[in-house]
Amino acid sequence: QKEVEQDPGPLSVPEGAIVSLNCTYSNSAFQYFMWYRQYSRKGPELLMYTYSSGNKEDGRFTAQVDKSSKYISLFIRDSQPSDSATYLCAGDLLYNQGGKLIFGQGTELSVKP
Amino acid sequence: DVKVTQSSRYLVKRTGEKVFLECVQDMDHENMFWYRQDPGLGLRLIYFSYDVKMKEKGDIPEGYSVSREKKERFSLILESASTNQTSMYLCASSLLGDRAYEQYFGPGTRLTVT
């Protein structure tokens, strides 16, 4: 079983829709939870992060973590064609001298005009 | 502006060749990482390094080695390339400590082994 599971999609929605992207994880040691966005033919870039459980909002994006059910979510309101990308969730196994992130498989999102 | 560069965008090599992939970052980051990305499997960590001359195995180190002689440069070496190493290779870097979750990625190298 992968430590972070994510439905690879693809997911196609009309412009203006609310998008919900979800991940489950198995490692209780995770403290930070990240969403990275990857446009076609580019490297991933950090979109949002959350420390421990709770919600975090940034413009049209909301990240949510429920540690009791080991569930990670990203909501996109009023989705735009420019949101079309692959979204990767990740948890951390970080320590003072380095560590690593564990990524899900990524969900490919397409927002149609 | 933060920058991670990789030596090639596309590379074609033959089975059995020794392959070098180079990554350079200009942000004075301590951490550097090599991943491969395959459809349906996502990003998988090959090796990482938190300091010069230090290296740690990731989840799939078999068939690969790394070198970090300078802080800004991290090289991935395929000692004898095989067709199952055809993939997209991504390099990343990050700070140590509280911001270590923020990794900066290069554009990737698409390697084809024939």
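As a reminder, the structure under discussion sits directly above these lines.
Values in this document were obtained by computation on a predicted structure and should not be read as measured data.

A.B. asks: How would you summarise the overall build of chain B if you had to cite specific residues and measurements?
C.D. replies: Along chain B, the regular secondary structure elements total zero helices and 11 strands. Across chain B, helices and strands are ordered from the amino to the carboxyl terminus as β-β-β-β-β-β-β-β-β-β-β. Relative to the 2.2 N^0.38 estimate, which gives 13 Å for 114 residues, the radius of gyration of chain B is 13 Å and therefore close to what a compact globule would have. A buried classification covers 51% of the 114 residues belonging to chain B. Long-range pairs, those at least 24 residues apart, make up 56% of the contacts in chain B between residues at least 6 apart in sequence. Accessible surface, chain B: about 5400 Å² in total, of which carbon and sulfur atoms supply 49%. With 16 positive and 16 negative side-chain charges, chain B shows a separation of 7 Å between the mean positions of the two kinds.

A.B. asks: A description of the sheet that holds strand S1 (residues 4-6) of chain B should follow, citing residues and the corresponding values.
C.D. replies: All names here are of chain B. Taken together, four strands build an open sheet; the order of strands is S1-S3-S8-S7 and the sheet is antiparallel. In this open sheet, the two strands that pair with only one neighbour each are S1 and strand S7 (64-70). Across this sheet, the average inter-strand angle for adjacent strands is 20°, counted without regard to direction. Where S1 and strand S3 (residues 19-25) come together, three bridges link them in antiparallel fashion. Bridge pairing in S3 links Gln-6 to Cys-23.

A.B. asks: Report on the state of the cysteines, specifying residues and quantitative values.
C.D. replies: All names here are of chain A. Enumeration according to the criterion identifies two disulfides over all chains in this entry. At a sulfur-sulfur separation of 1.9 Å, the disulfide partner of Cys-23 is Cys-89. Of note, the bridge from Cys-23 to Cys-89 carries an S-S torsion of about -110° and is left-handed in sense. Residue Cys-23 is located in strand S3 (residues 19-25), and its partner Cys-89 is located in strand S9 (residues 85-95); the two are separated by 66 residues in the primary sequence. In this pair, the class of Cys-23 matches that of Cys-89, namely buried.

A.B. asks: Help me get a handle on the interface of chain B and chain A, residues and values and all.
C.D. replies: Contacts between the two partners involve 26 residues from chain B and, on the opposite side, 24 residues from chain A. The junction of chain B with chain A conceals about 1900 Å² of combined surface from both sides, 56% of it contributed by carbon and sulfur atoms. Among the residues of chain B in contact with chain A, Leu43(B), Tyr101(B) and Phe105(B) are the three that bury the most area, contributing 31% of the side total. At the surface where chain B touches chain A, the tally comes to one salt bridge. Taking the shortest distance from any N to any O, the salt bridge between Asp59(B) and Lys100(A) comes out at 3.1 Å. Among the secondary structure elements, those contributing two or more residues to the side of chain B that touches chain A are strand S4 (31-38) and strand S5 (42-49) of chain B. Counted by class, the side of chain B that touches chain A contains 14 nonpolar, seven polar and five charged residues.

A.B. asks: Break down the packing of aromatic side chains for me, with residues and values.
C.D. replies: Tallying each qualifying case throughout the model produces 15 aromatic pairs over all chains. Ring centres 5.6 Å apart and planes at 85° place the aromatic pair Phe103(A) and Tyr35(B) in the edge-to-face group. Taken together, the residues span two chains, with Phe103(A) in strand S10 (residues 98-103) and Tyr35(B) in strand S4. No difference in accessibility class separates Phe103(A) from Tyr35(B), as the two residues are buried. Joined through ring pairs, the aromatic side chains of Tyr36(A), Phe103(A), Phe33(B), Tyr35(B), Phe48(B) and Phe105(B) make up one cluster. Cation over ring: Lys56(A) sits above Tyr49(A), and NZ or CZ is 3.6 Å from the ring centre.

A.B. asks: Lay out the pattern of salt bridges with the relevant residues and their values.
C.D. replies: Counted according to the given criterion, the structure contains 11 salt bridges over all chains. Between Glu45(A) and Arg37(A) there is a salt bridge; the shortest N-O distance is 3.6 Å. Overlapping salt bridges, with partners in common, bring together Arg36(B), Asp38(B) and Arg44(B) in one network.

A.B. asks: Before we move on, could you go through the sheet that holds strand S7 (residues 61-66) of chain A and cite the residues and values that matter?
C.D. replies: Residues and elements named next belong to chain A. The five strands are arranged S1-S3-S8-S7-S6 in an open sheet whose pairing can be described as antiparallel. The outermost strands of the open sheet, each flanked by one partner alone, are strand S1 (4-6) and strand S6 (54-58). Strand-to-strand, the axes of this sheet are offset by a mean angle of 15°, without reference to chain direction. For S7 and strand S8 (residues 71-76), the ladder comprises six bridges, and the chain directions are antiparallel. Considered in S8, the bridge of Thr-62 is made with Phe-75.

Procedures and definitions
- Residues numbered from 1 in each chain as written.
- Chains lettered and ligands numbered in written order.
- Predicted model: local features only at pLDDT ≥ 70, side-chain atom pairs only at ≥ 80, totals over all residues.
- Heavy atoms only, no water.
- Helix = DSSP H or I, 4+ residues; strand = E, 2+ residues; numbered from the N terminus.
- Rg over C-alpha atoms; globule rule 2.2 N^0.38 Å.
- Buried < 20%, exposed > 50% of the residue type's maximum accessible area, 1.4 Å probe, protein only.
- Contact = heavy atoms within 4.5 Å.
- Areas by Shrake-Rupley, 256 points an atom, 1.4 Å probe, with all protein chains shown as cover.
- Lys, Arg positive; Asp, Glu negative; His and termini not counted.
- Charge placed at Lys NZ, Arg CZ, Asp CG, Glu CD.
- Pairing = 2+ DSSP bridges.
- Axes fitted to C-alpha atoms, helices over the stretch in contact; angles between N-to-C directions.
- Disulfide = S-S within 2.5 Å.
- Buried area = accessible area lost by both parts, 1.4 Å probe.
- Salt bridge = Lys/Arg side-chain N within 4 Å of Asp/Glu carboxyl O.
- Nonpolar A, V, L, I, M, F, W, Y, C, P; charged D, E, K, R; others polar.
- Phe/Tyr/Trp six-rings, centres within 6.5 Å; stacked < 30°, edge-to-face > 60°.
- Lys NZ or Arg CZ within 6 Å of the ring centre and 35° of its normal.

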